[in-house]
Amino acid sequence: MIKHLYKRTIKRNGKEIKAWYYWFYDEFGKQVRKSCGQNGKPCLTKREAEMFIDSLDDEEINPKNKITFNDFALHFYDDNSPFLIKMKNKERVYKRQTLYQKRLYLGRFLDKFGTFAIEDLKPVDVENWVLSMDLSVSVMNNIISVINEVGKEIYIYHLLPYPFQIEHLKRKLKKPKGILTPDEIKMLFPLDYNSLIKTWHVIGESEIDTIKFVTMIYTILSTGMRSCEIRALKAEQIIDDSAILLNAMIDSDNERVDHLKKATETDLKWRIAILPERTRILLNNLRLMETNKQTDYIFEYKGDLYDSSFINSHFKIVLRNNGIDEAGRNITIHSLRFTYNTMMKREVSGEDLRLMMGHTTEAMSEYYDRSKALDNLPELLKNKNRIDSIFN
């Protein structure tokens, strides 16, 4: 049983003093508060209180001594916890961001059920609690995954005769991702420099911030890159001003890693993106405007990497400012990749498009190491004139 120390001010012989108390949850989930000390003599120092707590018999306080979810799972995802050590030995290491989210979800569960004895709580009660929350199906399933992870360990430790598990919820059909029309692309990316700045300017942003952002967005649109890939882009990845070697991304821990999404140890998913002429000019102009840059990253905002949520929200502001219903049409930053795919499939072969998009079949997975990605460059460059005609 977990007992928590705290101090409070009391009066003794007309004087105020600081004395130590403790609290715990009984078997029914009720919070119980008691004084530290014996024979009417309170503990006045934390050391005395700790010694008093150590001397207490849990059976004396909670005769049934049932193990609660707090007892079992309060430190479940702490660094070097038994569970994480076991996962590491099984070569399942969680990323920092994943652990952060799991701790949040576990905390939410323990806030509600932490004081319940494990043997008294039924999975259906937890399921009803999850369903009562005003959250997306994705988030509710993430909470359920954490509960099931804890529940599996409870069963392994023989604290229950059955696995404490909750069935995941079925995802609702997603609204199709919207794409930009050719007319909208022309409107958003006028050839005239002043018109381009006016179209993309957001109140509070400088001209260099604006040109940097529109260059980043146009590069995504005209190459089919993902936002995690554009954030990781460095000058060294640009090949002869004609293509980009996509061999890195920013992962969920905000670190640059040398593989792309859905990579494996033997297939890093690297690929080549052909660089349209207008995109090349925009990138070169940006480079000339930032001659005093301290890092190799092409796109930075106020001295740091762009945040993915900032990119998406900033993009939506620009769309709204220009009369595009981004919410109603479900247009996000990832829509640019959908738009690229839609426009390009009418112009290049299916095999070339899969190479440029990274949409691989099992037979094509061999393309995605550095040497073979570069080997494809001459063949893919045969499409450059057609790509230039689309993005001009």
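Residues numbered from 1 in each chain as written. Predicted model: local features only at pLDDT ≥ 70, side-chain atom pairs only at ≥ 80, totals over all residues. Heavy atoms only, no water.

**Student:** So what exactly am I meant to see when it comes to the overall build of the chain here?
**Tutor:** Looking only at helices and strands, the chain features 18 helices and twelve strands. The buried share of the chain, reckoned over its 392 residues, is 47%. Residue pairs at least 24 apart in sequence account for 60% of intrachain contacts in the chain once pairs closer than 6 positions are excluded. When the accessible surface of the chain is totalled, it reaches about 22,000 Å², and 50% of it is carbon and sulfur. (Helix = DSSP H or I, 4+ residues; strand = E, 2+ residues; numbered from the N terminus. Buried < 20%, exposed > 50% of the residue type's maximum accessible area, 1.4 Å probe, protein only. Contact = heavy atoms within 4.5 Å. Areas by Shrake-Rupley, 256 points an atom, 1.4 Å probe, with all protein chains shown as cover.)

**Student:** Quick question: what am I supposed to make of the sheet that holds strand 6 (residues 238-239) here?
**Tutor:** Sheets are built from strands paired through backbone hydrogen bonds, the pairs being either parallel or antiparallel. Spatially, 6-7-10 is the arrangement adopted by the three strands of the open sheet, whose pairing is antiparallel. Lying at the two open borders of the sheet, with one neighbouring strand each, are strand 6 and strand 10 (271-274). Where strand 6 and strand 7 (residues 243-246) come together, two bridges link them in antiparallel fashion. The partner of I239 across the bridge, within strand 7, is A243. (Pairing = 2+ DSSP bridges.)

**Student:** Looking at this model, I keep getting lost on the confidence of the model for the chain. Mind explaining?
**Tutor:** Residues shown with low pLDDT carry predicted positions that ought not to be read at fine detail. Summing up the model confidence of the chain, the mean pLDDT is 84 and the portion of residues at 70 or higher is 87%. Averaged pLDDT values over the elements of the chain bottom out at 51 in helix 2 (residues 58-61) and peak at 96 in helix 9 (residues 193-200). Counted against residues more than four places away or in other chains, residues 362-371, with its pLDDT under 50, gives 24 contacts. (pLDDT = per-residue confidence, 0-100.)

**Student:** It is not clear to me how helix 6 (residues 123-131) should be interpreted in this structure. Could you clarify?
**Tutor:** Owing to its 3.6 residues per turn, the α-helix brings residues three or four apart onto one side. Looking at helix 6, one finds that the buried residues are P123, V126, W129 and V130. An end-on view of helix 6 places all buried positions within 120° of arc, on one side of the element. Contacts made by the buried residues of helix 6 are with helix 5 (96-113) and helix 7 (137-156). (Arc of directions from axis to C-beta.)

**Student:** Mind showing me how you'd approach unusual backbone geometry here?
**Tutor:** At N80, a position not held by glycine, the phi torsion is positive, near 65°. The residue N80 is located in the loop between helix 3 (69-73) and helix 4 (82-89) in this model. Given the relative accessible area of 66%, N80 is considered exposed. With phi around 65°, K269 is a residue other than glycine that occupies positive phi space. For K269, the position within the fold is in the loop between strand 9 (256-257) and strand 10.

**Student:** How should the pattern of salt bridges be read in this particular structure?
**Tutor:** Pairing is possible between side chains of opposite charge, provided their charged atoms come close. One pass over the full model with this rule turns up twelve salt bridges. The partner of K86 in a salt bridge is E153, and the shortest N-O contact between them spans 2.7 Å. Placement of K86 in helix 4 and of E153 in helix 7 is noted, with a sequence separation of 67 residues between them. Exposure remark for K86: the relative accessible area of 24% places this residue in the partly exposed category. Here E153 falls in the buried class, since its relative accessible area comes to 5%. In this structure, E277 and R280 form a salt bridge, with 2.5 Å as the shortest nitrogen-oxygen distance. Here E277 and its partner R280 are both found in helix 12 (residues 277-289), three residues apart, which amounts to about one turn of the helix. For E277, a relative accessible area of 32% translates into the label partly exposed. One connected set of salt bridges, linked through shared partners, spans R226, E229 and R271. (Salt bridge = Lys/Arg side-chain N within 4 Å of Asp/Glu carboxyl O.)

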